[in-house]
Amino acid sequence: MATDQIKALEERLKTASDDAINRLAAVTTIDDLRSLQSEVLGKKGSVGSMKSELGRLDSVDAKKEAGAMLNTVTEQLEAAFNTRRDLLEDVAFAQQVAKERLDLTEHLSVARRGHSHLVTQATRRLEDVFTGLGFQIAEGPEVESDFYNFEALNMPKSHPARSMWDTMFVESGEPGSVLLRTHTSPVQIRVMETWKPPIYAIMPGRVFRRDTPDATHMPVFHQIECLVIDRGITFADLAGTIESFTKAFFGGDFTSRLRPSYFPFTEPSAEFDIRRPDGTWIELGGCGMVHPNVLRAGGLDPEEWTGFAFGFGIDRMAKERHGIDDIREMYTNDLRFLRQF
Ligand code: FA5
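Residues numbered from 1 in each chain as written. Predicted model: local features only at pLDDT ≥ 70, side-chain atom pairs only at ≥ 80, totals over all residues. Heavy atoms only, no water.

Peer 1: Would you take a moment to explain the overall build of the protein for this structure?
Peer 2: A count of helices and strands for the protein gives eleven helices and ten strands. Its C-alpha radius of gyration of 44 Å places the protein more than 25% over the 20 Å reference for a compact globule of 341 residues. Over its C-alpha atoms, taken along the principal directions, the protein stretches across nearly 140 × 50 × 35 Å. Each of the 341 residues in the protein was classed as buried or not, and the buried ones make up 42%. Within the protein, contacts between residues separated by at least 24 positions form 64% of all contacts whose residues are at least 6 apart in sequence. (Helix = DSSP H or I, 4+ residues; strand = E, 2+ residues; numbered from the N terminus. Rg over C-alpha atoms; globule rule 2.2 N^0.38 Å. Buried < 20%, exposed > 50% of the residue type's maximum accessible area, 1.4 Å probe, protein only. Contact = heavy atoms within 4.5 Å.)

Written as structure tokens, this is what we have:
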């Protein structure tokens, strides 16, 4: 009797266990594994519920035998569940890692060092060339007073030449007394006030004008100013310096020329152009002999000191030099453009 009971139990146990193993092989998530485990080994599970049947067996030996059989199968099933769980956990972890992985390949492949902006590079080169010619570098403020930007440069209030520079004013002090400098020429006065002649100075910096951006204009751009004050300086020194600079900066096959012009702070005044080897010309900037009124405004005696000055746009020069069609390209921050330089 007991043997039959055990046989029957053994068969049911085998069926339940085989069924559990088959279903386990098809389980792909931890959640499904958990619910299958309780369906099989839980109190009411296909295998787990068999424990409660042991009490109904006829003999103690039969109970023992059936109990041992049940334990063995339960242990085997638990081991199978554990193995499957480990595998699913590994897979879930790998999936999670893959999902959260940061794709750094782009950063690695473009992990080159940045470089200075085209205009900064041009400014540094200009500084190198001029310091090589014996000049010192000076700087002045970007927010200037009317005095330095205009008045000391021989443009008293309501002087018509002030309209050559469409000015941006700053709301500070007397209306119209504080402004964003429209050129680097005010630094000439600041240098004359603080340095003792002889002066051989260059003054690079940012300047501001109410100019509408177009292919050759920006409202914010860069200039470099050059000022020489010494005894017996002549127009020939000015022309010679511009020529030396042209060859040192652009190359030996470039030359320069001066054309008569007008600036209130220089007399005589000229525009200067650079000739490329192909014979075409680049307009660079303005120049001239420092006006006696400007020397006086800077605290120097025009009877003792003479000098020349010139100034030009760095952005526009870089544009011409590199054959850039539109000056605005330099400020759109498009790396594909900027990386070319
Ligand atoms: C001046 O600003 C004078 N201070 C130059 C000077 C200095 C003359 C010393 C005599 C002695 P001008 O306004 O022409 O001059 O400007 C000089 C250069 O700045 C121009 O030739 C041009 O290259 C550049 N420039 C002028 N306006 C702009 C602009 N909106 N955007 C970019 N570059 C400009």
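So that's the structure; there's more coming.
Peer 1: Looking at this structure, how should I read the layout of surface pockets?
Peer 2: To find the voids left in a structure, one rolls a probe of water-molecule size over its atoms. Of the volumes computed, that of the largest pocket is approximately 650 Å³. Along its surface, the largest pocket is lined by 36 residues, and R209, Q223, L284, G285 and G286 are the ones closest to its centre. When residues of the lining of the largest pocket are traced back to their parent elements, those giving at least two are β6 (220-230), β7 (255-263), β8 (266-275), β9 (281-290), β10 (306-313) and α10 (314-321). If one sorts the elements of the lining of the largest pocket by residue count, β9 sits on top with six residues. By volume, the second largest pocket is sized at about 220 Å³. Taken together, 14 residues line the second largest pocket, and the ones lying closest to its centre are T123, P204, G205, R206 and H222. (1 Å grid on protein atoms, 1.4 Å probe; cavity = no way out; pocket = protein on both sides within 12 Å on 5 of 7 lines; lining within 4 Å. Points joined across faces, edges and corners; volume = space filled by probe spheres on them.)

Peer 1: What am I meant to see in the site of the ligand here?
Peer 2: Near the ligand lie 25 residues; those nearest to it are H183, S185, R209, D211 and M218. One nitrogen or oxygen atom from the side chain of H183 is found 2.9 Å from a nitrogen atom belonging to the ligand. Within the contact set of the ligand, an oxygen atom lies 3.1 Å away from a side-chain nitrogen or oxygen of Q223. Calculation on the ligand without its partners gives an accessible area of 680 Å², and the protein chains cover 92% of this total. (Near = heavy atom within 4 Å. Polar contact = N/O pair within 3.5 Å; in protein donor to acceptor, adjacent residues only side chain to side chain. Areas by Shrake-Rupley, 256 points an atom, 1.4 Å probe, with all protein chains shown as cover.)

Peer 1: I keep staring at the environment of E39 and nothing clicks. Help me out?
Peer 2: By the element assignment, E39 lies in helix α2 (residues 30-41). Along the primary structure E39 and N82 are separated by 43 residues, whereas in three dimensions their C-alpha atoms are 15 Å apart. The residues contacting E39, other than those within four sequence positions of it, are R23, G45 and S46.

Peer 1: Just checking my understanding: could you explain the nonpolar core for this structure?
Peer 2: Nonpolar side chains tend toward joint burial in soluble globular proteins. With 39 residues, the main nonpolar core has L126, F245, L284, F310 and F312 as its most contacted residues. Beyond its immediate sequence surroundings of up to four residues, L126 is in contact with I202, I224, F245, F249, F312, I314 and M317. Membership of the second largest hydrophobic core comes to 26 residues, among which are M192, A201, F263 and V294. (Core = buried A, V, L, I, M, F, W, Y, C linked by side-chain atoms within 4.5 Å.)

Peer 1: Is there a simple way to think about the packing of helix α5 (residues 118-132) against helix α8 (residues 235-250) in this case?
Peer 2: Helix packing geometry: the angle between the two helix axes and the distance between the axes. Remark: α5 packs on α8, axes separated minimally by 10 Å, with the N-to-C direction vectors making an angle of 125°. Between α5 and α8, the interaxial angle falls into the category oblique. You can see that α5 and α8 cross each other, and the crossing is right-handed. Within the contact between the two elements, α5 uses A122, R125, L126, V129 and F130 and α8 uses F245, A248 and F249. Along the lines of polarity and charge, the residues of the contact of α5 with α8 split into seven nonpolar, no polar and one charged. (Axes fitted to C-alpha atoms, helices over the stretch in contact; angles between N-to-C directions. Parallel < 35°, antiparallel > 145°, perpendicular 65-115°, else oblique. Left-handed = near helix turned anticlockwise from the far one by under 90°. Nonpolar A, V, L, I, M, F, W, Y, C, P; charged D, E, K, R; others polar.)

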